[in-house]
Amino acid sequence: LSALLILLLTGPLQARSTAEYLPPDAAPDPDVPTPESFLGWGVGERHVGHDALVAYMYALAESSPRVSIREIGRTHEKRPLLQLAITSPQNQEKLEALRQAHLGGDGPLVTWLGYSVHGDEPSGSNASMLVAYHLASSGSGFVEELLEGTVVILDPSINPDGLDRFASWVNQNAARNPVANPVTRQHMQPWPGGRTNHYWFDLNRDWLPLVHPESRARINEFHRWLPHVLTDHHEQGGRNPGFFFQPGGPSRQNPLTPDENLELTRALAAYHAEALDLVGQPFFTEDAYDDFYFGKGSTYPDINGSVGILFEQRAIRGQRLSTVNGVETFEQAIRNQFEVSLSTLRGAWAMRDRLKDYQSGFHDAMLERAASRKFDAWLIGDDGDPARAAEFLHVLEMHRIEYRPLGETVRVDDQAFEPGSAWVIPARQRQFGLLEAIMEQRTR
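Residues numbered from 1 in each chain as written. Predicted model: local features only at pLDDT ≥ 70, side-chain atom pairs only at ≥ 80, totals over all residues. Heavy atoms only, no water.

### What about the confidence of the model for the protein?
Thought 1: Residues of the protein with pLDDT of at least 70 account for 96%, and the chain-wide mean is 94.
Thought 2: When the criterion is pLDDT under 50, residues 1-11 qualifies, and its contacts beyond four places in sequence or with other chains add up to 5 contacts. (pLDDT = per-residue confidence, 0-100. Contact = heavy atoms within 4.5 Å.)

Shown next, in the form of structure tokens:
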């Protein structure tokens, strides 16, 4: 009772500073603003709103020559979708040339860090400030070496509308002294919650259909950069025992994904395990989660020559939560997302030659797989609905899938396909793997 009384009288515990999140050798540049110096509160003390997140990322770009920033689109609620490119100052001066060299098979390592596609899984977006700050400011030998040979593409908020909706709820219902009871108001957001975007759509199911502006902007940038590794930072319910990182269940991988992709994912997993062991965070892997649907952010890369990595941190919702592992904090959740972001960068850098070779050979392997097919193309008609057909063709274009108009009448069984209302999609093309996934059905 006396301990509780002391806590009530002294108020909330001291927030963790940026320096406490960083590696011991960070040696940050004092001219680059820390998140708490910009926000006025420590990372994890509150939930960052999207406007503050955007403002901080622009402040980093203004203060560090390692950071450039672009607006790649807008959400339904007109919030900006940001993309940070973080690399050495020398690389920033020739960024477009490096991108072109990479797409040509010779260039830097490209690693994409993507945070909080579900807005009520905010530890990722809150951690993105620390990741961006560390890469923008650190004088460590590793970070300097990394940025000489790597372009880090950082997406701080995949779902700005959902993130802002959830941050408003949590911050408005926070108590002066954080409450860990999971059935209290702060932990129980009202429907529809912050998971989805403005139209209550789960953007982690939209990487294939590309219905929403958030997804369309992102998929364009994915193909502009074609990263070697892409991370997808999520949160999970409270029943699982700890932090998850891929691979998921080995038998639950899409059969179209090359076996080497699983091997590379396992190799990267060793770096995540080491990082989480060092901070005493329980974790699990090769269990519970699948890699079936190519419309998810961690699975779409796998059919495009990249390696997608799913991370699942326990959802804290407020500042603290009572769990099977004791009371866990939002600051711990942010720390975990920060640590696996850095372990991804360390692992990808150590494996850079292997990752580059894998991506270079991926599309050649898809062409070989296409050549083994018994037919050369798919033939599609508009079925009397030209608007629907035009939208489908636009989706193919966004996925960089080639097609051409039918040049003469073709009859298949009792159906005639006519020029002007039918198209040919050749099998032998760079994007055959994704095309196969879209056009055919796998049931096991």
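### Some words on the sheet that holds strand β15 (residues 422-426)
Thought 1: What the 3 strands build is an open sheet, ordered β11-β15-β12; its pairing is antiparallel. What marks the edges here is a single partner per strand, and that holds for β11 (377-381) and β12 (404-405).
Thought 2: Here β12 pairs with β15 via 2 bridges, running antiparallel. Within the sheet, the bridge partner assigned to P405 lies in β15 and is W423.
Thought 3: Across the sheet, helix α14 (residues 386-398) is in contact with β11 and β15; its angle to β15 comes to roughly 20°.
Thought 4: Here helix α15 (residues 432-439) sits on the sheet and contacts β11 and β15; the angle it forms with β11, its principal contact strand, is near 45°. (Pairing = 2+ DSSP bridges. Helix = DSSP H or I, 4+ residues; strand = E, 2+ residues; numbered from the N terminus. Axes fitted to C-alpha atoms, helices over the stretch in contact; angles between N-to-C directions.)

### Details of unusual backbone geometry
Comment: phi is negative for the bulk of residues other than glycine, and the bulk of peptide bonds are trans.
Thought 1: A cis amide bond links W191 to the next residue, P192, at an omega of 10°.
Thought 2: With an omega of 15°, the peptide bond running from Q246 to P247 counts as cis.
Thought 3: Of note, P247 is situated in the loop between β6 (243-245) and α11 (259-278).
Thought 4: The phi dihedral of A27 falls on the positive side, at around 45°, and the residue is not glycine.
Thought 5: Relative to the assigned elements, A27 resides in the loop between α2 (18-21) and α3 (35-39).
Thought 6: Its identity is not glycine, yet D413 carries a phi of approximately 55°, on the positive side.
Thought 7: Residue position: D413 is located in the loop between β13 (410-412) and β14 (415-417).
Thought 8: Using a relative accessible area of 72% as the deciding quantity, one classes D413 as exposed. (Buried < 20%, exposed > 50% of the residue type's maximum accessible area, 1.4 Å probe, protein only.)

### A word on the environment of R354
Thought 1: Within the secondary structure layout, R354 lies in helix α13 (residues 352-371).
Thought 2: Residues R354 and A288, 66 residues apart in the sequence, show an inter-C-alpha distance of 28 Å.
Thought 3: Residues contacting R354, with those up to four places away along its chain left out, are E263, L264 and A267.

### Describing the packing of α11 against helix α12 (residues 330-350)
Thought 1: Where α11 contacts α12, the two axes come as close as 8 Å, and the packing angle between them is 140°. When the axis of α11 is compared with that of α12, the two are oblique. By crossing handedness, the relation of α11 to α12 is classed as right-handed. Where α11 approaches α12, its residues L268, Y271, H272, A275 and L276 are matched on the opposing element by N336, E339, V340, S343, T344, R346, G347, A348 and A350.
Thought 2: Of the residues belonging to the contact of α11 with α12, the class tally is 7 nonpolar, 5 polar and 2 charged. (Parallel < 35°, antiparallel > 145°, perpendicular 65-115°, else oblique. Left-handed = near helix turned anticlockwise from the far one by under 90°. Nonpolar A, V, L, I, M, F, W, Y, C, P; charged D, E, K, R; others polar.)

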